[in-house]
Protein chains: 2
Amino acid sequence: MISTHPDAPESPGATLAAFAADLCFSQIPEPVVRRTEDLLVDWFGSAVAGHAARPVASIARFARSQGPDTGPCEVIGSATGTSPYAAAQANAAASHVAEQDDVHNGSVFHPATVVFPPALAVAQALGASGRELLTACVAGYEVGIRVGEFLGRSHYRVFHTTGTAGTLAAAAAVGRLLGLDATGMRHAFGSAGTQSAGLWEFLRTAADSKQLHTAHAAGAGLMAAYLAADGFTGAAQILEGPQGMAAGMSIDADPARLADGLGTRWATAETSFKYHASCRHTHPAADALLQVMQAHGLGPQDLARVVTHVHQGAIDVLGPVTNPATVHQSKFSMGTVLALVAQYGHAGLAEFDAHYRSRATQALCGMVEMALDAEVDAAYPRRWIGKVTVITTDGRMLHGRVDEPKGDPGNTLSRAEITAKALRLAEHAGGVPPATMQAAVERLWGVAGWSAVGRLLPAVEEGGA
Amino acid sequence: MISTHPDAPESPGATLAAFAADLCFSQIPEPVVRRTEDLLVDWFGSAVAGHAARPVASIARFARSQGPDTGPCEVIGSATGTSPYAAAQANAAASHVAEQDDVHNGSVFHPATVVFPPALAVAQALGASGRELLTACVAGYEVGIRVGEFLGRSHYRVFHTTGTAGTLAAAAAVGRLLGLDATGMRHAFGSAGTQSAGLWEFLRTAADSKQLHTAHAAGAGLMAAYLAADGFTGAAQILEGPQGMAAGMSIDADPARLADGLGTRWATAETSFKYHASCRHTHPAADALLQVMQAHGLGPQDLARVVTHVHQGAIDVLGPVTNPATVHQSKFSMGTVLALVAQYGHAGLAEFDAHYRSRATQALCGMVEMALDAEVDAAYPRRWIGKVTVITTDGRMLHGRVDEPKGDPGNTLSRAEITAKALRLAEHAGGVPPATMQAAVERLWGVAGWSAVGRLLPAVEEGGA
């Protein structure tokens, strides 16, 4: 039913689609499988954390009102199931709002929130095994990360890469579960990429769009894969063609990135966990500030001025946030994040909720500025170096630096830290009792042994959604 | 619940949102109401024509499988209803595939296929009146056309404006039916625009994406309006902001177009009907060829060479189609369209299906070329001038010209012609008996008097979807 068009040439995008279609569990190195389990548990904590947030509840209400009342797919925090499409949209919205989900540095792309929700929903609908789920998710990570790298820095200046590359990532994961062949996967990529969307403009007025971007990517990518399985065709070169994604949305796209190291370089394992509950662009400076404060025994009262030496991407995303109006917007304020770190040693969900607009936070926030740094900018996005200069109230000039912020592959979280983070996130959100969450996380660590993927939380626990 | 962010400035986009939110039936001049009825009946014919086409059936199957089994919203050609979201996606896919739906010249935007499906679905869900439906559709047309004009020619080189501007058009129509105020409409625009997508790349390999673009625009725009009604916020300046649609997807955007003549200039009434069943970019040349052949009594056997003098947009869209592989792709082949017109006087659905790959068509197709014309290009997109030069087999050089192709506002279709076109379309598609279609069209001409919008086709008639 699906046929390759005679005019469809070989291309890096086609190679990437074939890789995603053909990926087998046995090909994935053991440490990459283990890291994928880490990422899944970490994602689950974020999804539980966000499930009852106002914008997420709006998306979940819409998706459920337009979908069936019952179905095999879990909406995190809800006792009743629905269709794969509705569940994928709701859970993708849920797992990005706490700003605690993972990030891949080189692509500036958040894979978990657009890969796990559609893959989980479809695995539940099909009764796929845990290994099939993990394999599909690795396909989603490998594809999404390479598409993000391909689209480049010019893309990220205007477009939210998690929304745009995310449609391809979701299509790859779902397409793998549906058993698409290489040609079918290429059609799925075509249908995903032509729905690719997500603009940063929403940050300027603290709007809710970030949750819509992930919901949209998960839903559109899932739809693209189902359509391909039904014989619906897509552009053969949606990524690199003359009227494709790069042509429309990038000026520095590099097609070579699409097939970079496929099968030998596992981009999944390069993914970083988030330690602070804020935009990843704030983390290097936050950790550098902690480093210099600890090294010199400084308290928040000792700070007179903090200059963060950053890459251009940080200025593009954080620069417009000069007077954060909401707790979510404050997670994109370099000043707020550093103020919380200076006071509490960590900018977590609890610190944001309790203190993001306190008098002390606002005072410290006003002392923080960003300056473009040539070294940091040249290393970005492959490495996210943190550098700060602190002027103390007694007139000293001190320098802080970290080369890998906490959570990066070289400074990663242990399974105990990932479990603790997930439990903390669930407790903060409420709606899921700690013992229930603890049992669910313990069970989830065994995902590779599951014969069929079922619910992650028991149906008797009704959350706040 | 919805609040305007303090940083949200006044802007042409905000003016346009307020216009859509505040539009009342009594403000719309009588001729514009009548033209909107014309456009609705014309759309209905296209939706019936396309409902069973393979790519449309795929999208309808997906939407229905992910939505509820029953509901108040009609999927054209199906006896059972579903949710507004699923019905809007299915019907939007259906009404663009026959290439017979309307087009607004200045914006190069096909309004009907992205405005009527979501508006009809929501009107059926709410039990809105015929006048409320018409008012909402005028809001959708006025918004979508202006957004298309705003995005400009550079946008159209890579992006399918019906897909991108279409999300805003759908959001405006649905938002008006849901009773959004000006602030709510602005949020709906933000959520619609940040999902805006659709790339021309698919044409190169004759893929099915055009139907996905309209389904996507209708679904995403409808979702944006429902979310806004639930308090979900969007970017205040998604159109003209520094990281908004124009920043990401245009280099010649003109914000002044967004609020151009609101309330005095009715862009709805500028919309053209399609006479030929092909890409609108082929129509001016097709009519010019007819003109010169009729003026000189030529038959197809008299043609040795035909040069069409066209605007750049025609070359951008039609140029890649050098060897059409499917009937749908052949509707984007200038040579095929002119070959059919030369032989049959009209390039309708029946002519395409029967003759698009015939030996005679292919021979004539090879005689047709496109050349950029300064006069035609300068007038475009406001006016679509048709100019051809014909070299006859006996060596004459003849010139054909039309200033308004058939279906344009100055050369429009009568209600009898619109009815006949709709009946012809339904008959061609099959699945809906002629008497049923005739009764449905007659009933639809009275839409302004309906107290509550119900099904357009009776539920007992099950079509091919």
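Residues numbered from 1 in each chain as written. Chains lettered and ligands numbered in written order. Predicted model: local features only at pLDDT ≥ 70, side-chain atom pairs only at ≥ 80, totals over all residues. Heavy atoms only, no water.

Naming follows an unreviewed UniProt entry, where chain A appears as 2-methylcitrate dehydratase PrpD of Paracidovorax wautersii. The record in UniProt for chain A states the following under Sequence similarities (unreviewed entry): "Belongs to the PrpD family." (UniProt positions renumbered as here; feature names shortened; annotations may be inferred.)

Caption draft 1: The arrangement of the overall build of chain A in detail. On a plain count of helices and strands, chain A comes out with 19 helices and 6 strands. Along the first, second and third principal axes, the C-alpha set of chain A runs to 75 × 50 × 40 Å. A total of 465 residues make up chain A; the buried ones form 66% of that total. Working note: accessible area of chain A is about 13900 Å², and carbon and sulfur atoms make up 53% of it. With 32 positive and 42 negative side-chain charges, chain A shows a spacing of 4 Å between the two charge centroids. (Helix = DSSP H or I, 4+ residues; strand = E, 2+ residues; numbered from the N terminus. Buried < 20%, exposed > 50% of the residue type's maximum accessible area, 1.4 Å probe, protein only. Areas by Shrake-Rupley, 256 points an atom, 1.4 Å probe, with all protein chains shown as cover. Lys, Arg positive; Asp, Glu negative; His and termini not counted. Charge placed at Lys NZ, Arg CZ, Asp CG, Glu CD.)

Caption draft 2: Focus on the relation of the copies chain A and chain B. For the pair chain A and chain B, the relating rotation is 180°, the translation along its axis is 0.0 Å, and the fit reaches an RMSD of 0.0 Å. With respect to symmetry, the two chain copies, as superposed, fit the operation of a two-fold axis. The overlap is high: 100% of the interface residues of chain A also sit at the interface in chain B, so the same surface is used on both sides. (Least-squares fit on C-alpha atoms with pLDDT ≥ 70 in both. Contact = heavy atoms within 4.5 Å.)

Caption draft 3: The arrangement of the environment of B:Ala139 in detail. Residues and elements named next belong to chain B. Turning to its location among the elements, Ala-139 is positioned in helix α6 (residues 130–158). Put simply, Ala-139 and Ala-173 are 34 residues apart on the chain and 5.7 Å apart in space, counted from C-alpha to C-alpha. When near neighbours in sequence (up to four residues on either side) are disregarded, Ala-139 contacts Ala-20, Leu-23, Ala-172 and Arg-176.

Caption draft 4: Representation of the UniProt feature "domain: MmgE/PrpD C-terminal" (unreviewed entry) in chain A. UniProt tags residues 276–445 of chain A as "domain: MmgE/PrpD C-terminal" (unreviewed entry). The span residues 276–445 of chain A is 48% helical and 15% strand by assignment, and the distance between its end C-alpha atoms comes to 23 Å.

Caption draft 5: The arrangement of the domain arrangement of chain A in detail. Residue and element names in this part refer to chain A. If you check the domain split of chain A, you get domain 1 (12–273) and domain 2 (280–402). Its C-alpha centre places domain 1 at a distance of 30 Å from the equivalent point of domain 2. Opposite the 20 residues of domain 1 that make contact, domain 2 presents 17 residues. Buried surface at the junction of domain 1 and domain 2, both sides included, amounts to about 1800 Å², of which 59% is carbon and sulfur. Taken together, the links from domain 1 to domain 2 amount to 2 salt bridges. With a shortest N-O distance of 3.3 Å, Asp-316 and Arg-157 are connected by a salt bridge. Counting across the domain 1 and domain 2 interface gives 9 residue pairs in polar contact (both at pLDDT 80 or more). Mapped onto the side of domain 1 that touches domain 2, the elements with two or more residues apiece are α6 (130–158) and α9 (209–229). The biggest single contributor to the side of domain 1 that touches domain 2 is α6, with 3 residues. In terms of residue class, the side of domain 1 that touches domain 2 is built from 10 nonpolar, 5 polar and 5 charged. (Domains from an automatic or database assignment. Buried area = accessible area lost by both parts, 1.4 Å probe. Salt bridge = Lys/Arg side-chain N within 4 Å of Asp/Glu carboxyl O. Polar contact = N/O pair within 3.5 Å; in protein donor to acceptor, adjacent residues only side chain to side chain. Nonpolar A, V, L, I, M, F, W, Y, C, P; charged D, E, K, R; others polar.)

Caption draft 6: Inspection of helix α2 (residues 30–50) of chain B at higher detail. Spanning 21 residues, α2(B) covers 31 Å between terminal C-alpha atoms, matching the ideal 30 Å at 1.5 Å per step. Where burial is concerned, most of α2(B) is hidden: 18 out of the 21 residues are buried. (Expected span 1.5 Å × (residues − 1).)

Caption draft 7: Representation of the UniProt feature "domain: MmgE/PrpD N-terminal" (unreviewed entry) in chain A in the model. UniProt records the feature "domain: MmgE/PrpD N-terminal" (unreviewed entry) for residues 15–255 of chain A in the present numbering. The distance separating the terminal C-alpha atoms of residues 15–255 of chain A is 11 Å; by composition the span is 63% helix and 2% strand.

Caption draft 8: Broad picture of the interface of chain A and chain B. If you look at the interface, chain A gives 65 residues, while chain B gives 65 residues. Contact with chain B buries surface across chain A, with A:Phe62, A:Gln66 and A:Gln243 losing the most and accounting together for 15% of the total. For the interface between chain A and chain B, the tally reads 2 salt bridges. The partner of A:Asp230 in a salt bridge is B:Arg61, and the shortest N-O contact between them spans 2.9 Å. Contributions of two or more residues to the side of chain A that touches chain B are made by α3 (54–66), α4 (84–94), α6, α8 (182–193), α9 and α10 (245–249) of chain A. For the side of chain A that touches chain B, the class distribution of residues is 30 nonpolar, 26 polar and 9 charged.

Caption draft 9: Structural detail: the pattern of salt bridges. Applying the stated criterion across every chain, the model contains 56 salt bridges over all chains. The salt bridge involving B:Arg35 is made with B:Asp38; its shortest N-O contact spans 3.8 Å. Placement of the pair is B:Arg35 and B:Asp38 together in helix α2, with a separation of 3 residues, close to one helical turn. One network of salt bridges, in which partners are shared, links A:Glu30, A:Arg34, A:Arg35, A:Glu37, A:Asp38 and A:Arg415.

Caption draft 10: Summary view of the sheet that holds strand β3 (residues 303–310) of chain A. All names here are of chain A. Spatially, β4-β3-β5-β6 is the arrangement adopted by the 4 strands of the open sheet, whose pairing is mixed. Every interior strand has two partners, whereas the edge strands, β4 (368–372) and β6 (397–402), have only one. When strand polarity is set aside, the average angle formed by the axes of neighbouring strands in this sheet is 25°. Here helix α11 (residues 283–296) sits on the sheet in contact with β3, β5 (386–392) and β6, set at roughly 125° to β6. In the packing of helix α14 (residues 334–344) onto the sheet, the strands contacted are β3 and β4, and the crossing angle to β3 comes to about 125°. (Pairing = 2+ DSSP bridges. Axes fitted to C-alpha atoms, helices over the stretch in contact; angles between N-to-C directions.)

Caption draft 11: Region of the structure containing the environment of A:Pro117. Residue and element names in this part refer to chain A. Along the chain, the position of Pro-117 falls in helix α5 (residues 112–126). On the accessibility criterion, Pro-117 (0% relative accessible area) is buried. Linking Pro-117 and Val-174, residues 57 residues apart in sequence, is a C-alpha distance of 10.0 Å. Excluding anything up to four places from it in sequence, Pro-117 contacts Trp-43, Ala-88, Asn-91, Ala-92, Ser-95 and Ala-112.

Caption draft 12: Structural view of the sheet that holds strand β6 (residues 397–402) of chain B. Residues and elements named next belong to chain B. Taking strand neighbours across the sheet as the criterion, the 4 strands line up as β4-β3-β5-β6 in an open arrangement whose pairing is mixed. At either end of the open sheet lies a strand with only one pairing partner, and these are β4 (368–372) and β6. Direction aside, the axes of adjacent strands within the sheet are offset by 25° on average. With 5 bridges joining them, strand β3 (residues 303–310) and β4 adopt parallel strand pairing. By the bridge assignment for β4, His-309 is matched with Ala-371. Its contacts with the sheet place helix α14 (residues 334–344) against β3 and β4, and it is angled at close to 125° to β3.

Caption draft 13: Representation of the confidence of the model for chain A within the structure. Taken residue by residue, chain A gives an average pLDDT of 95. The fraction at 70 or more is 97%. Across the predicted assembly, pTM comes out at 0.91 and ipTM at 0.91. (pLDDT = per-residue confidence, 0-100.)

Caption draft 14: Structural detail: the packing of aromatic side chains. Tallying each qualifying case throughout the model produces 17 aromatic pairs over all chains. Between A:Phe62 and B:Tyr85 the ring centres are 5.0 Å apart and the planes differ by 75°, which places this aromatic pair in the edge-to-face class. You can see A:Phe62 sitting in helix α3 and its partner B:Tyr85 sitting in helix α4 (residues 84–94), one on each of two chains. By relative accessible area, B:Tyr85 is classed as buried at 7%. Measuring from ring centre to ring centre gives 5.4 Å for B:Tyr156 and B:Trp200, while their planes differ by 75°; the resulting arrangement is edge-to-face. Taken together, the residues span a long stretch of sequence, with B:Tyr156 in helix α6 and B:Trp200 in the loop between α8 (182–193) and α9 (209–229) at a distance of 44 residues. Summarising the burial analysis for this pair, B:Tyr156 and B:Trp200 share the class buried. Put simply, the rings of A:Phe62, A:Tyr85, A:Tyr226, B:Phe62, B:Tyr85 and B:Tyr226 touch in pairs and so form one group of aromatic residues. Sitting over the face of the ring of A:Tyr275, A:Lys406 holds its NZ or CZ atom 5.8 Å from the ring centroid. The ring of A:Trp450 carries the charged tip of A:Arg443 above its face, separated from the ring centre by 4.4 Å. (Phe/Tyr/Trp six-rings, centres within 6.5 Å; stacked < 30°, edge-to-face > 60°. Lys NZ or Arg CZ within 6 Å of the ring centre and 35° of its normal.)

Caption draft 15: Seen up close, the environment of B:Arg157. One can find B:Arg157 in helix α6. Between the C-alpha atom of B:Arg157 and that of B:Ile315, which follows or precedes it by 158 residues, the distance is 9.8 Å. Filtering out sequence-adjacent residues up to four positions away, B:Arg157 remains in contact with A:Gln243, B:Trp200, B:Gln312 and B:Asp316.

Caption draft 16: Region of interest: helix α18 (residues 415–429) of chain A. All names here are of chain A. Here α18 spans 21 Å end to end across 15 residues, near enough to the 21 Å set by a 1.5 Å rise per residue. Those residues of α18 that fall on the buried side of the exposure criterion are Ile-418, Thr-419, Lys-421, Ala-422, Leu-425 and Ala-426. For α18, the buried positions fall inside an angular range of 160° around the axis, keeping them on one side. Among the exposed residues of α18, those oriented more than 90 degrees off its buried face are Ala-416 and Glu-427. Where α18 terminates, the next one or two residues include Gly-430, which has phi positive at roughly 75°. (Arc of directions from axis to C-beta.)

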